[in-house]
Amino acid sequence: MKSIDCILWICGFSCISVMAADPGPAAEELASRRSLVASALQDGVLVVEAGGAEGIEVSRDSEYLIGLRCEGAILAIDAGHDPPRSILFLPASDPSWERWHGPRASPGAASQRATGVEETLPLAQFQQWMTQRLLPAGSLWRFSKERQLEPLWLEQVRRAGWKGKVHDASEVVHPLRQIKSDWEVQQLEAAIERTEIGLRAGAAAARAGGNECQVESAIEAQFRRLGSPAPGFPSIVGSGQNNCCLHWMKNDGPIDSGDLLLMDVGARCGPYTADITRTVPIDGKWTDRQREIYQVVWRAQQAGIAAVRVGATTRDVDAAARAVIREAGYSEYFPHGTSHHVGMDVHDVGPFRNFQEGMVVTVEPGIYIPEEGFGIRIEDMVVVTADGCRVLSAAIPKDPESLARWCEKPKLDRSSSASPHTESK
């Protein structure tokens, strides 16, 4: 390696900051979530099994209630106890397991402090604890990623004489996950900030003659540089005809001059994901036709955002945006819904119901015209407030001029393009 190249490589590498893991929720925040669960139950026991294995994430519901990603953990919330108690059953410390997979939480004071539960116990004691708790009386609310399979511990509890009904714990937990706390909104805002930097990097990397995968790489490199453990969902990067495919995830198409580039991506902050879409002209210039359609989509999004308020629904948001697109004559080119909840999952959990303060939803109308070779979508995230809503991603530009500037490439300074080894004549 030439010395000058080596110096540049070292300087470039040193600019990549190493980020610590995003902080998890405070024990008080976790205790508040579990208290709301206990209040909804009134009686009985709710059990959430983390699941997980090598290459398989633990359940979001488990992480929501204990703040840890611990394979095999089981949380029991005993709402029948006065006052309600949370008991966290954790695998015993196992140096052999940790040699392969890394440290994990184990029963003890440290795990109790981190999660705020009333007690931690070895996982091996869970079946006995459940048998003793359920036999006198009580209902069982259970969540597992393998909900169709009845686990051995439940079979044993039944054999011991328990004849109660098993309810779906997601019916209790998921409505609570729809309402974001102030801390959760802060995590989403941090994820959005990272997403904007990724989007700008993607636009800067897009060049005629290049490939969508180069854009995807530029976006996700920024996510990881900024501390995001992974994208919140597979990135959608579509150029030309590919941006008419709503969930284009191959990201392997060529980029041609005159194309529009659609980037639907989201960085994470801890377990919380952003979900933002911007459509840009890769040459830094819109055609009159592209700009015309962009303005229709932008007006539709403005109408959709204005419809977000306490008491409204995702259908109301869709109707408001769709009315603008229908009036412009493009109904047949708008084939998807306008809004969905977002949080720990990009399409977040929870029942269909009227908006409440603290819910976070997307507003994302689009028009896709395959016969003209382009599609346009604009997507932002908003939080429902007492007097309407607040656009969490308002700082990310979406006016056509700003997006065109994202794609402007620096001009080559030809005066400095000569080889440093060329002698002056």
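Please refer to the structure higher up on the page.
About the criteria used
- Residues numbered from 1 in each chain as written.
- Predicted model: local features only at pLDDT ≥ 70, side-chain atom pairs only at ≥ 80, totals over all residues.
- Heavy atoms only, no water.
- Helix = DSSP H or I, 4+ residues; strand = E, 2+ residues; numbered from the N terminus.
- Areas by Shrake-Rupley, 256 points an atom, 1.4 Å probe, with all protein chains shown as cover.
- Lys, Arg positive; Asp, Glu negative; His and termini not counted.
- Charge placed at Lys NZ, Arg CZ, Asp CG, Glu CD.
- Phe/Tyr/Trp six-rings, centres within 6.5 Å; stacked < 30°, edge-to-face > 60°.
- Buried < 20%, exposed > 50% of the residue type's maximum accessible area, 1.4 Å probe, protein only.
- Lys NZ or Arg CZ within 6 Å of the ring centre and 35° of its normal.
- Axes fitted to C-alpha atoms, helices over the stretch in contact; angles between N-to-C directions.
- Parallel < 35°, antiparallel > 145°, perpendicular 65-115°, else oblique.
- Left-handed = near helix turned anticlockwise from the far one by under 90°.
- Contact = heavy atoms within 4.5 Å.
- 1 Å grid on protein atoms, 1.4 Å probe; cavity = no way out; pocket = protein on both sides within 12 Å on 5 of 7 lines; lining within 4 Å.
- Points joined across faces, edges and corners; volume = space filled by probe spheres on them.
- Nonpolar A, V, L, I, M, F, W, Y, C, P; charged D, E, K, R; others polar.
- Pairing = 2+ DSSP bridges.
- Polar contact = N/O pair within 3.5 Å; in protein donor to acceptor, adjacent residues only side chain to side chain.
- Core = buried A, V, L, I, M, F, W, Y, C linked by side-chain atoms within 4.5 Å.

A.B. asks: Could you clarify how one ought to interpret the overall build of the protein in this entry?
C.D. replies: When helices and strands are tallied, the protein shows 13 helices and 16 strands. Carbon and sulfur atoms make up 53% of the accessible area of the protein, which amounts to about 20,300 Å² in all. Between the mean site of the 44 positive side-chain charges and the mean site of the 56 negative ones, the protein shows a separation of 1 Å.

A.B. asks: Quick question: what am I supposed to make of the packing of aromatic side chains here?
C.D. replies: Counting across every chain of the model gives seven aromatic pairs. With a centroid separation of 5.0 Å and an interplanar angle of 75°, the aromatic rings of Phe89 and Phe126 are classed as edge-to-face. Pair noted here: Phe89 is in strand β3 (residues 85-90) and Phe126 is in helix α6 (residues 126-134), with a separation of 37 residues, a long-range link. Each member of the pair Phe89 and Phe126 is classed as buried. Considering the side-chain rings of Tyr330 and Tyr333, the 6.4 Å spacing of their centres and the 50° angle between planes classify their relative orientation as tilted. Accessibility expressed as a relative area gives 11% for Tyr330, which makes it buried. Through a chain of ring-to-ring contacts, three or more aromatic side chains come together here, namely Phe89, Phe126, Trp129 and Trp153. Just above the ring of Phe334 sits the side chain of Arg322; from NZ or CZ to the centre is 4.0 Å.

A.B. asks: What's the story with the packing of helix α9 (residues 182-205) against helix α10 (residues 212-225) in this structure? I'm lost.
C.D. replies: Helix-helix packing is characterised by the crossing angle of the two axes and by the distance between the axes. Where α9 meets α10, the closest approach of the two axes is 8 Å, and the angle between their N-to-C directions is 150°. As summarised for this structure, α9 and α10 are arranged roughly antiparallel, according to the angle between their axes. The handedness of the crossing between α9 and α10 is right-handed. Packed against α9, whose contacting residues are Arg194, Thr195, Ile197, Gly198, Ala201, Gly202 and Ala205, the element α10 presents Gln214, Val215, Ala218, Ile219, Gln222, Phe223 and Arg225 at the interface.

A.B. asks: Please explain the layout of surface pockets as it appears in this structure.
C.D. replies: One water molecule sets the probe size; rolling that probe over the atoms shows where empty space is left. By volume, the largest pocket amounts to about 580 Å³. Surrounding the largest pocket, 28 residues form its lining, Val58, Glu63, Leu68, Arg69 and Cys70 being those nearest its centre. Of the residues belonging to the lining of the largest pocket, the class tally is 13 nonpolar, seven polar and eight charged. Taken together, 18 residues form the lining of the second largest pocket, with His247, Asp264, His340, His347 and Glu364 sitting closest to its centre.

A.B. asks: Help me understand the pairing of strand β5 (residues 140-143) in this model?
C.D. replies: Side-chain direction in a regular strand flips from residue to residue, so the side chains alternate between the two faces of the sheet. Here β5 shows a buried face lined by Leu140 and Arg142 and a second buried face lined by Trp141 and Phe143. Here strand β1 (residues 45-49) pairs with β5 via four bridges, running parallel. Paired with Leu46 across the bridge in β5 is Trp141.

A.B. asks: Could you clarify how one ought to interpret the pairing of strand β7 (residues 236-239) in this entry?
C.D. replies: Burial along β7 is two-sided: the residues Ile236 and Gly238 and Val237 and Ser239 are all buried. Two strands pair when backbone bridges link them, and β7 and strand β8 (residues 260-265) are joined in this way by four bridges, in the antiparallel orientation. Pairing of Ser239 across the sheet is with Leu261, part of β8.

A.B. asks: What is the right way to read the sheet that holds β3 from this model?
C.D. replies: Working definition: the strands of a sheet are paired by backbone hydrogen bonds and lie parallel or antiparallel to each other. Strand order in the open sheet made by the six strands is β4-β3-β2-β1-β5-β6, with mixed pairing throughout. This sheet does not close on itself; its edge strands, each paired only once, are β4 (119-122) and β6 (166-168). Ignoring strand direction, the axes of neighbouring strands in this sheet form an average angle of 25°. Sheet contacts for helix α7 (residues 152-159): β1, β5 and β6; angle to β5, the most-contacted strand, approximately 165°.

A.B. asks: When you look at the sheet that holds strand β11 (residues 276-281) in this model, what are you seeing that I'm missing?
C.D. replies: Read from one edge to the other, the open sheet built from three strands follows the order β7-β8-β11, with strand pairing classed as antiparallel. Of all strands in the sheet, those bounded by a partner on one side alone are β7 and β11. The average angle at which neighbouring strand axes cross in this sheet is 10°, direction not considered. Of the strand pairs in this sheet, β8 and β11 are connected by six bridges, and their pairing is antiparallel. Residue pairing across strands places Val265 opposite Ile276, the latter belonging to β11. Relative to β8, α9 is tilted by about 155°, and along the sheet it contacts β8 and β11.

A.B. asks: Please clarify how the side chain of Thr277 should be interpreted in this entry.
C.D. replies: Here Thr277 lies in strand β11. There is a polar contact of 3.2 Å between the side chain of Thr277 and the side chain of Asp264. Other than its neighbours up to four places away in sequence, Thr277 contacts Leu262, Met263, Asp264, Arg377, Ile378 and Glu379.

A.B. asks: Would you explain the side chain of Glu63 in this entry?
C.D. replies: By the secondary structure assignment, Glu63 is in helix α3 (residues 60-66). Given a relative accessible area of 8%, Glu63 falls into the buried group. One polar contact links Glu63 to Arg69, side chain to side chain, over a distance of 2.8 Å.

A.B. asks: Help me understand the nonpolar core, please; the structure alone is not making it clear to me.
C.D. replies: In a soluble, globular protein the nonpolar side chains are often hidden away together inside. Grouped together as the largest cluster of nonpolar side chains are 78 residues, with contacts concentrated most on Leu46 and Ile367. Residues contacting Leu46, with those up to four places away along its chain left out, are Val37, Leu41, Leu75, Ala76, Ile77, Trp141, Ala169, Val172 and Val173. Val45, Ile87, Phe89 and Trp162 belong to the second largest nonpolar core, which has 16 residues in total.

A.B. asks: So what exactly am I meant to see when it comes to the environment of Leu123 here?
C.D. replies: Note that Leu123 resides in the loop between β4 and α6. For Leu123, a relative accessible area of 29% translates into the label partly exposed. Spatially, the C-alpha atom of Leu123 lies 48 Å from that of Ala307, the residues being 184 residues apart in sequence. Look past the residues within four positions of Leu123 in its chain and what remains in contact with it is Gly72, Ile74, Phe89, Leu90 and Pro91.

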